[in-house]
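Structure at a glance
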Amino acid sequence: GINAEYMGKQKQKNSKTNEGKMNPYFPPSPYQNLSVPPPMMELGQKKHTLIVKNLDLAVDENVLFEYFSKFGRITNFKIKREVNGKSRGFAFVDYHTARDADTARRQLNNERIMNKYINVIWKGEEEKGDKAKVFVKNLDPKLNQQQIKTYFMRFGSVISCLLSVNGKGESNCFAEIQFHEVEDAERCLKTPEQPIGEKTAIVEKFKSKEERKTLRIINQRNLYIKNLPADITEEKLIAFFGTLDAVVYNMALRKSDSHNAYFCLCAFKTHEDAERVLEAIRDGANLAGNDQKLIIDWNKTKGQLAEERGKITEVERESMLYFRNLKDNLNQNELEETLINHAQVSWSFLKPFD
């Protein structure tokens, strides 16, 4: 169950964090007449489902229910998770009535839970697309999420503001703003430099995850190559890349800990050079006298590798079920023995509540 003492301390911490006044200097807005909250949801639309974004990854079902159940009867809720059980940072909450859902949305939007300020929006509002979003960087680190949202309401109705924070809850100085209308985002982009607090923030067109990934690929010049022979040298590698019309900018050659072979990280002069080497080696190009097939790929960060390992397909996700309120002493074997009587089980993951 919920640790009442912990939750009480957490609420006190949240209220103290949200205390404090706005930074003394916010330039007058030419769009003051647009500084209005999102329109009240028409109850006749029968909207009951909220999306909770920017969740701290440590928030579990107990904590989520504790915050949202106080506003009305919840019929269903779910924290979206990866196949390994790790939270994906967002959740869905269904209320019995649209009025209760609307109250929760207004009361909890921008509330701090653990180390992050959550955004609560109607399911469907996220479908407005990335054209209604802007990306803001170089923010004053003293500004919190609510202050940033309040500032940008001068350009139009703001659905959500996602301020990036580190593990201590401190600002990373950039945020994602989603407006209610595309025209509001376009109006904001006309002033790319915004003096907010004690710094001048930079406003840019928002790029989706796929667009950012494409840009990284376009600008990528670093390759990881392994299964190099024991007698490899930097001179031999440079000469080999020269036969592929590629110029190396920098190189780090290392010996593998597991066997008598080498790998290298190579930075090429241009993306085109790196792409040429990648395609040639994948097509079978190799060093003279090397009896091992070279393995090559774009050099990736630990975060990118972890993300790839955690990805599951939509088909796999649709075949997954989440069970809660299980008995305390249930173990993995008992769970699978129970489930296997009803269907074939590929895998299961049992996570106790803290």
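None of the values given here were measured: they were computed from a predicted structure.

1. Quick look at the packing of aromatic side chains
Scanning all chains against the criterion turns up eight aromatic pairs. The interplanar angle of 40 degrees and the centroid separation of 5.7 Å between the aromatic rings of F135 and F174 together place this pair among those described as tilted. Of this pair, F135 sits in strand β7 (residues 133–137) while F174 sits in strand β9 (residues 171–179), and the two are 39 residues apart along the sequence. F135 sits in the partly exposed class, given a relative accessible area of 23%. An aromatic cluster of at least three residues, connected via ring pairs, comprises Y151, F152 and F155.

2. Brief notes about the sheet that holds strand β6 (residues 119–122)
Spatial strand order, β2-β3-β1-β6: four strands in an open sheet with antiparallel pairing. Looking at which strands have only one partner, the edges of the open sheet turn out to be β2 (74–81) and β6. Averaged over neighbouring strand pairs, the angle between their axes works out to 20 degrees when direction is ignored. In this structure, β2 lies alongside strand β3 (residues 87–95), joined through six bridges in antiparallel fashion.

3. Some thoughts on the pairing of strand β11 (residues 199–205)
Here β7 runs beside β11; their pairing, made up of four bridges, is antiparallel. Bridging from a neighbouring strand, F135 pairs with E204 of β11. Here four bridges tie strand β10 (residues 193–196) to β11, and the two strands are oriented antiparallel to one another. Residue pairing across strands places E193 opposite I202, the latter belonging to β11. Linking β10 to β11, which pair antiparallel, is a turn of two residues; within it G197 sits at a positive phi near 65 degrees.

4. Overview of the sheet that holds β7
The strand order across the open sheet formed by five strands is β8-β9-β7-β11-β10, and the pairing between neighbours is antiparallel. Of all strands in the sheet, those bounded by a partner on one side alone are β8 (158–165) and β10. Each neighbouring strand pair of the sheet contributes to a mean axis angle of 25 degrees, computed without reference to strand direction. Sheet strands in contact with helix α4 (residues 145–152) are β7, β8, β9, β10 and β11, and its direction is about 140 degrees off that of β8.

5. Remarks on the confidence of the model for the protein chain
Low pLDDT marks stretches whose predicted atomic positions should not be read closely. On average, the protein chain scores 77 in pLDDT, and the residues at 70 or more come to 72%. Scored below 50 in pLDDT, residues 13–46 makes 64 contacts in the model with residues more than four places away or belonging to other chains.

6. Quick word on the pattern of salt bridges
Tallied over the full model, the rule gives 11 salt bridges. K142 serves as the salt-bridge partner of E198, at 2.9 Å between the closest nitrogen and oxygen. Within this pair, whereas E198 is found in the loop between β10 and β11, its partner K142 is found in the loop between β7 and α4, the two being separated by 56 residues in sequence. Grouping residues by exposure puts E198 and K142 together as exposed. Measuring nitrogen to oxygen at the nearest pair gives 3.0 Å for the salt bridge that ties D184 to R187. One end of the pair, D184, and the other, R187, are both in helix α5 (residues 182–189), three residues apart, so they sit about a helical turn from each other. Three or more residues are tied together by salt bridges with common partners; here these are D102, R105 and R106.

7. Some words on unusual backbone geometry
We note that N54 has phi near 65 degrees; this positive angle belongs to a residue other than glycine. Along the polypeptide, N54 turns up in the loop between β1 (49–53) and α2 (61–68). N54 gets classed as buried once you look at its relative accessible area, which sits at 16%. Backbone geometry places M114, a non-glycine residue, at a positive phi of 60 degrees. Structurally, M114 can be placed in the loop between β4 (112–113) and β5 (116–117). Classification of M114 as buried rests on a relative accessible area of 15%.

Rules of the game
- Residues numbered from 1 in each chain as written.
- Predicted model: local features only at pLDDT ≥ 70, side-chain atom pairs only at ≥ 80, totals over all residues.
- Heavy atoms only, no water.
- Phe/Tyr/Trp six-rings, centres within 6.5 Å; stacked < 30°, edge-to-face > 60°.
- Helix = DSSP H or I, 4+ residues; strand = E, 2+ residues; numbered from the N terminus.
- Buried < 20%, exposed > 50% of the residue type's maximum accessible area, 1.4 Å probe, protein only.
- Pairing = 2+ DSSP bridges.
- Axes fitted to C-alpha atoms, helices over the stretch in contact; angles between N-to-C directions.
- Contact = heavy atoms within 4.5 Å.
- pLDDT = per-residue confidence, 0-100.
- Salt bridge = Lys/Arg side-chain N within 4 Å of Asp/Glu carboxyl O.

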